[in-house]
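Descriptive analysis of the structure
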Amino acid sequence: MRIARKLVTGGLLAGTAAVLAVMGSGSASAVAVTPLPGGVQVDLTPADTRWVADSHFGQTLAGLPHPSAASFGQALDSAAKLSSQYPEGRVVFTVFGPFDQLNGTMLALQ
């Protein structure tokens, strides 16, 4: 059962990354996903940041069956809400580590 749960959660996280990438594909500056050693960095555009804030997308992520999901979702919504108050505000976050021990950083940029 653990393996199935990890596969489903992994699929949901991969799907989330795909949605974020496609979400900005219509604009000239789409969501940037940059591979890093042991992780990934995601840089949301100002339009994507406003969408995350308006839709409360972090709440959706917080419901994923992963120990880090609740805190990540809350942090994403908070950072997006703060950054979206500025015309060029955006959110940048990194995720590192093995799947069962994810950690990272999140920045709300003005």
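Presented here is a report on the structure given in the accompanying data block. All values derive from a computational prediction rather than experimental measurement.

Along the chain, the position of Gln 41 falls in strand E2 (residues 39–43). With 54 residues separating them along the chain, Gln 41 and Val 95 place their C-alpha atoms 6.5 Å apart. Residues in contact with Gln 41, not counting those within four places in the same chain, are Ala 32, Val 33, Thr 34, Leu 36, Val 92, Phe 93 and Thr 94.

Our focus in this paragraph is the pairing of strand E1 (residues 32–36). Inspection of the sheet shows E1 paired to E2 by five bridges, in the antiparallel sense. Residue Pro 35 lies in a different strand from E2, and its bridge partner there is Val 40. Between the antiparallel neighbours E1 and E2 lie two residues, among them Gly 38 with a positive phi of about 80°.

Criteria and thresholds
- Residues numbered from 1 in each chain as written.
- Predicted model: local features only at pLDDT ≥ 70, side-chain atom pairs only at ≥ 80, totals over all residues.
- Heavy atoms only, no water.
- Helix = DSSP H or I, 4+ residues; strand = E, 2+ residues; numbered from the N terminus.
- Contact = heavy atoms within 4.5 Å.
- Pairing = 2+ DSSP bridges.

Keep in mind these values describe shape, not function.
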